[in-house]
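Now for the letters of each chain:
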Amino acid sequence: MGVILNGTLRCETPAQADKVRAALYTHIQLTRAEPGCVSFEVSATEDPLVWTVAEEFTDTEAFEAHQERTKASDWALKTAGIPRDYTITGLE
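Owing to the predicted nature of the structure, the values given are computational and were not obtained by experimental measurement.

*Asks:* Can you lay out the overall build of the protein chain for me, pointing to particular residues and giving the numbers?
*Replies:* When its secondary structure is counted, the protein chain shows 3 helices and 4 strands. Going from N to C terminus, the protein chain has its helices and strands arranged as β-α-β-β-α-α-β. The C-alpha atoms of the protein chain give a radius of gyration of 13 Å, which matches the 12 Å a tight globule of 92 residues would have. Within the protein chain, the fraction of its 92 residues that count as buried is 36%. Within the protein chain, counting contacts between residues at least 6 apart in sequence, those at least 24 apart form 68% of the total. With the model as given, the accessible surface of the protein chain reaches about 5500 Å², and the carbon-plus-sulfur share is 55%. The positive charge centre, built from 8 side chains, and the negative charge centre, built from 15, are 9 Å apart in the protein chain.

*Asks:* Explain the side chain of His 66 residue by residue, including any values.
*Replies:* Mapped onto the secondary structure, His 66 falls in helix α2 (residues 60-71). Take His 66: its relative accessible area is 2%, and that puts it in the buried class. When sequence neighbours within four positions are dropped, the list of residues in contact with His 66 reads His 27, Thr 31, Glu 34, Phe 40, Glu 55 and Phe 57.

Conventions we followed
Residues numbered from 1 in each chain as written. Predicted model: local features only at pLDDT ≥ 70, side-chain atom pairs only at ≥ 80, totals over all residues. Heavy atoms only, no water. Helix = DSSP H or I, 4+ residues; strand = E, 2+ residues; numbered from the N terminus. Rg over C-alpha atoms; globule rule 2.2 N^0.38 Å. Buried < 20%, exposed > 50% of the residue type's maximum accessible area, 1.4 Å probe, protein only. Contact = heavy atoms within 4.5 Å. Areas by Shrake-Rupley, 256 points an atom, 1.4 Å probe, with all protein chains shown as cover. Lys, Arg positive; Asp, Glu negative; His and termini not counted. Charge placed at Lys NZ, Arg CZ, Asp CG, Glu CD.

In structure tokens, the structure reads:
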């Protein structure tokens, strides 16, 4: 088993949710193309301000490379300050 992240991204305002929707497709496509990405899902819930997040990477190195890439991404810029509540398992 690799590194698994599960949790939620919880917007505080409709404006934040609009930013998530605007950047999400590209973020998903870029992440799924990363070496070591096994699966990556960000799914809307019944609450228009909340998304569930489920990620799996082959190992710690792949997960950390993903974290580094996203720090400088359009996704990070547009979603800065939006609360996330994640649980990560499998880190070495």
